[in-house]
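Here's the letter readout for the chains.
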2 protein chains.
Amino acid sequence: MHGLHISSSTQPGYLRNLLPSSAPDDPESLDQVLEDVQANILPGVTHWQSPNYFAYYPSNSSIAGFMGEMLSAGLNIVGFSWITSPAATELEMIVLDWLAKLLKLPEEFLSTEQGGGVIQGTASEAILVVLLAARDKFLHRIGKNALNKLVVYASDQTHSSLQKACQMGGIHPENYRMLIAGASTNYALSPDVLKEAISHDISKGLIPFLLCATVGTTSSASIDPLLSLGKIAEENGIWFHIDAAYAGSACICPEFRPYIDGVELADSFNMNAHKWFLTNFDCSALWVKDRNALIQSLSTNPEYLKNKASQTNKVIDYKDWQIPLGRRFRSLKLWMVLRLYGSKNLQDYIRNHVNLAKHFEGLVDQNPRFEVVAPRLFSLICFRLVPAEGNLELSNKLNHELLDALNSTGKTFISHTVLSGMYILRFAVGAPLTEKRHVDEAWEIIQAQSSLLLERFST
Amino acid sequence: MHGLHISSSTQPGYLRNLLPSSAPDDPESLDQVLEDVQANILPGVTHWQSPNYFAYYPSNSSIAGFMGEMLSAGLNIVGFSWITSPAATELEMIVLDWLAKLLKLPEEFLSTEQGGGVIQGTASEAILVVLLAARDKFLHRIGKNALNKLVVYASDQTHSSLQKACQMGGIHPENYRMLIAGASTNYALSPDVLKEAISHDISKGLIPFLLCATVGTTSSASIDPLLSLGKIAEENGIWFHIDAAYAGSACICPEFRPYIDGVELADSFNMNAHKWFLTNFDCSALWVKDRNALIQSLSTNPEYLKNKASQTNKVIDYKDWQIPLGRRFRSLKLWMVLRLYGSKNLQDYIRNHVNLAKHFEGLVDQNPRFEVVAPRLFSLICFRLVPAEGNLELSNKLNHELLDALNSTGKTFISHTVLSGMYILRFAVGAPLTEKRHVDEAWEIIQAQSSLLLERFST
């Protein structure tokens, strides 16, 4: 990766001019293809594996995860039902039990109880299947014509995939409550705000059915108060989902585990092993307490898939826990990560990134031209350049331009968000190769680009 | 693979006793893991890559596809937006244009027009996004409260993923018309039956919005009459989708291309490169004529994903063409397959399997104890053992037992379906390593097991 620009400086449509307009009739050589990869593909790649990558949230790769992918691609089974490869289903059950135990999830989430874990492609798919399961559980009770009465609750800091899931599942857009979570609660959902919204909806004859709380929001890694929210969900008989896509990984460390206290009240819990857990994309772990809710919403049983093991209910068929029918043997890579690292090394891996983030936070704090905007809880720092004078508009413009300037260097790659109207830079530590020197280098670049920018602004 | 049983004889729960109940604290060695793979995982694998695998439809693997997977896993980018790796989006656009040209799809399906192709994980996801796009296009016009009036049409031979998509998208179960397609039409949907159903629904105030035709149904590889059906869809302003998940691959051969004549009337077309096109799972190619229909149904635009390229509409962001947000760099493997084989070899690859299937069909035909049940069009033979005496019930029992007996040998693996009440064995040729000798061996096993079974039945 050394010497490559992290982010691509290519222009839209660049590749079409470099490749032929149709497939070859005759075979080409591997050398030709690999030359093309080097010359034409890599310059258009944004290097998520670069140690200088700090954008969005990380997408971890590791040798262990890579070997798991190789094994999976080599066997190339399609594990929709137990019978199509018993090992694929059973290893997934076992490995998600392992991970549930590392996270100290309540026993109800284990496959040995009435629940269990399943690997989804992404947190978007996890939230969609949860929403569908919850929706159908309610509609089963109150009749399918009540769809337009169902209401979903979450904060406005919740990932956009919940809104998309609502749209796909036919929830009326005006029944998706994006409750405001602002600076006063550190961007966490207030239980009082939730309680009021639910009361108001019930009084109008609407039916609350799903609450989604987040541990580690996308914008600022904020944490919703699970215990208080979970109790409200329980009192109102609402499905309670916890999205810990990014921060869930950290909760294998005892010092971070308190952040998911309250998970015992949840009906479902999700974390992405492909973000910050060294498991190559895609590998999103979803646990539910009641697997039958998923199955009742998502199962199909066509003749051509019938088999003795499924008919006698002795097995799990993961096709009924997900959107697609086909599925890859993804548990192999998670299994290899857990075994080849061991839980102690995985904990240290997380701690190292959190410490690097603390180090960066200290650097920002020490420089009066910058401010840290939201509390740093895991490995994400939200910060901005604060002009000596100027209103919010100017400040936002400045930080927007700073982002563009930083990423244009090709030496670092970060992303942004908006919090309380402020344009904010997000610095997410989490690439496997990132060391202290890379954080320091990034900070040097940020300072240098800021100076150039402030000079330009002041003239 | 040699010496291994194709299908696993393991019992439900076998693996839990062989693996520890929690992840290790300290790292284990790669040797330990690989020993476990050999000793405990492989015995529970159903070998889809075995040359003796004839079940369901194939799941092709190739060195080209495998290397594409390796490259993708190594880069491990998450290509939700163009900006997150321009090459990933652009190569996908280009390679799906290549494949569209090989299939001689109408120009409107190309990314250079208003349409374009996208790689979905599976045909289930393809049909779901198409259903949502069509649904939302209609609801946008007629109001979202009309959801319970929308009607979907398909034959009862259509893949179960359409029914699942209806369920997920909130289409009322009674508004999914599974029109009977029986032996008299070779299990294809009759245009007259469709026309009548549509008229009837319109007269009741319902709103037809989606027609799904299949080229190569799951049970018998039958082909719906696209031209006639497409005209009916056109006359009624219905979204017309073609599911060619399995048989689409064959249509790169001029002699099979006529089977998708009528695709010019379709709004969307789907084929699975991961089935019979040497591209490792997952790689389901979906083309649409109007990409805006997908985008209007599936786009989200949260602040943290905004970027200049997306805001100026100069690029495609594939996140808005699919269910999940994140996506792997899957075009690499399809690109490598197309280049390292070349279209001529890919055509020969298909032809070879079709010829092997013809050969098997001939063997079945020559044996009076068996009958071929539906016409063989591609590489699937539907056949059954016909007892000298006995009713349908006995015959079904016999063929069911024959299937179990065959798969219990561990030397071949096939699957079944039911056609017109008959229990049928499906013999699908399509594994990359299958040669004539494997087909002959399978036929020997089928005859031997049938003799044993008939002996047992007659005593």
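Residues numbered from 1 in each chain as written. Chains lettered and ligands numbered in written order. Predicted model: local features only at pLDDT ≥ 70, side-chain atom pairs only at ≥ 80, totals over all residues. Heavy atoms only, no water.

With an unreviewed UniProt entry as reference, chain A is termed Tyrosine decarboxylase, source organism Trapa incisa. Comment text from UniProt for chain A, heading Sequence similarities (unreviewed entry), reads "Belongs to the group II decarboxylase family." (UniProt positions renumbered as here; feature names shortened; annotations may be inferred.)

A. Fine view of the overall build of chain A. Helices and strands together make up the secondary structure of chain A, namely 13 helices and 11 strands. Scaling as 2.2 N^0.38, a compact globule of 459 residues should have a C-alpha radius of gyration of about 23 Å, and chain A matches this with 24 Å. Structurally, chain A occupies a C-alpha span of about 75 × 65 × 45 Å along its principal axes. Split into buried and exposed, the 459 residues of chain A put 66% on the buried side. Pairs at least 24 residues apart make up 75% of the contacts formed inside chain A by residues separated by at least 6 positions. When the accessible surface of chain A is split by element, carbon and sulfur atoms take 51% of a total near 16,000 Å². Here chain A holds 38 positive side-chain charges and 46 negative ones, and the gap between their average locations is 5 Å. (Helix = DSSP H or I, 4+ residues; strand = E, 2+ residues; numbered from the N terminus. Rg over C-alpha atoms; globule rule 2.2 N^0.38 Å. Buried < 20%, exposed > 50% of the residue type's maximum accessible area, 1.4 Å probe, protein only. Contact = heavy atoms within 4.5 Å. Areas by Shrake-Rupley, 256 points an atom, 1.4 Å probe, with all protein chains shown as cover. Lys, Arg positive; Asp, Glu negative; His and termini not counted. Charge placed at Lys NZ, Arg CZ, Asp CG, Glu CD.)

B. Fine view of the pattern of salt bridges. Tallied over the full model, the rule gives 50 salt bridges over all chains. One salt bridge connects Lys308 of chain B with Asp404 of chain A, and the closest N-O pair in it is separated by 3.5 Å. Remark: Asp404 of chain A occurs in helix H12 (residues 392–408) and Lys308 of chain B occurs in helix H10 (residues 308–311); the pair is interchain, linking two chains. A relative accessible area of 58% places Lys308 of chain B in the exposed class. Overall, Asp404 of chain A belongs to the partly exposed group, its relative accessible area being 27%. Here Arg456 of chain B and Glu401 of chain B are joined by a salt bridge, their closest N and O atoms 3.0 Å apart. Taken together, the residues span a long stretch of sequence, with Arg456 of chain B in helix H13 (residues 436–458) and Glu401 of chain B in helix H12 (residues 392–408) at a distance of 55 residues. Its relative accessible area of 52% is what places Arg456 of chain B among the exposed residues. A relative accessible area of 23% means that Glu401 of chain B is categorised as partly exposed. (Salt bridge = Lys/Arg side-chain N within 4 Å of Asp/Glu carboxyl O.)

C. Inspection of the interface of chain A and chain B at higher detail. Counting from both sides, the interface comprises 128 residues of chain A and, opposite them, 128 residues of chain B. Here chain A and chain B share an interface that buries about 10,500 Å² over both sides, 62% of which is from carbon and sulfur atoms. Of all residues in chain A, Arg16, Tyr304 and Arg339 of chain A bury the most surface against chain B, accounting for 8% of the area lost on that side. One can count 12 salt bridges joining chain A with chain B. Notably, a salt bridge pairs Lys144 of chain B with Glu174 of chain A, separated by 3.4 Å at the nearest N-O pair. Elements supplying a minimum of two residues to the side of chain A that touches chain B: helix H1 (30–41), helix H2 (63–75), helix H3 (86–102), helix H4 (123–142), helix H5 (160–168), helix H9 (291–298), helix H11 (331–366) and strand E10 (415–419) of chain A. Take the side of chain A that touches chain B: its biggest share by element is 11 residues, from H11 of chain A. For the side of chain A that touches chain B, the class distribution of residues is 57 nonpolar, 45 polar and 26 charged. (Buried area = accessible area lost by both parts, 1.4 Å probe. Nonpolar A, V, L, I, M, F, W, Y, C, P; charged D, E, K, R; others polar.)

D. Representation of the packing of aromatic side chains. Residues and elements named next belong to chain A. Under the counting rule described, the total for this entry stands at 42 aromatic pairs over all chains. Ring centres 5.7 Å apart and planes at 45° place the aromatic pair Tyr53 and Phe413 in the tilted group. Residue Tyr53 is found in the loop between H1 and H2, and its partner Phe413 is found in the loop between H12 and E10; the two are separated by 360 residues along the sequence. Look at Tyr53 and you get buried, because its relative accessible area is 1%. Classification of Phe413 by relative accessible area gives buried; the value is 6%. Look at Phe256 and Tyr259: their rings are 6.4 Å apart centre to centre, the planes differ by 15°, and that puts the pair in the stacked class. A network of ring pairs unites the aromatic residues Phe54, Phe360, Phe370, Phe383, Phe427 and Trp443 as a single cluster. Directly above the aromatic system of Tyr57 lies the positively charged group of Arg426, at a separation of 4.8 Å from the ring centroid. (Phe/Tyr/Trp six-rings, centres within 6.5 Å; stacked < 30°, edge-to-face > 60°. Lys NZ or Arg CZ within 6 Å of the ring centre and 35° of its normal.)

E. Just the side chain of Asn60 of chain A, in detail. Residues and elements named next belong to chain A. Structurally, the position occupied by Asn60 is in the loop between H1 and H2. Residue classification places Asn60 among the buried positions, given a relative accessible area of 0%. In terms of polar contacts, Asn60 uses its side chain to reach the backbone carbonyl oxygen of Lys275, at 3.0 Å. Among the polar contacts made by the side chain of Asn60, one reaches the side chain of Tyr349 at a distance of 2.6 Å. (Polar contact = N/O pair within 3.5 Å; in protein donor to acceptor, adjacent residues only side chain to side chain.)

F. Local environment of the UniProt feature "modified residue: N6-(pyridoxal phosphate)lysine" (unreviewed entry) in chain A. Residue and element names in this part refer to chain A. According to UniProt, the positions carrying the feature "modified residue: N6-(pyridoxal phosphate)lysine" (unreviewed entry) are Lys275. Judged by its relative accessible area of 18%, Lys275 is buried. In contact with Lys275, other than residues within four places in its own chain, are Tyr57, Pro58, Ser59, Asn60, Ala245 and Tyr246.

G. Summary view of the sheet that holds strand E4 (residues 207–214) of chain B. All names here are of chain B. Taken in spatial order, the seven strands make up an open sheet running E1-E7-E6-E5-E4-E2-E3, and their pairing is mixed. Of all the strands in the sheet, just strand E1 (116–120) and strand E3 (176–179) have a single pairing partner and so form its edges. With direction set aside, neighbouring strand axes in the sheet form an average angle of 20°. Direction of pairing for strand E6 (residues 268–272) relative to strand E7 (residues 284–288): antiparallel, over a ladder of five bridges. Directly across from Ser268, in E7, lies its bridge partner Val288. (Pairing = 2+ DSSP bridges. Axes fitted to C-alpha atoms, helices over the stretch in contact; angles between N-to-C directions.)

H. Summary view of the side chain of His172 of chain A. With respect to the helices, strands and loops of the structure, His172 of chain A is situated in the loop between H5 and strand E3 (176–179). The exposure class assigned to His172 of chain A is buried, which follows from its relative accessible area of 10%.

I. A look at the pairing of strand E5 (residues 239–243) of chain B. All names here are of chain B. Most of E5 is tucked away, with five of its five residues classed as buried. Alternating residues of E5 divide into Trp239, His241 and Asp243 and Phe240 and Ile242, and every residue in both groups is buried. Where E4 lies against E5, five bridges are found, and the strand directions are parallel. If you follow Thr214 over to E5, its bridge partner there is Asp243.

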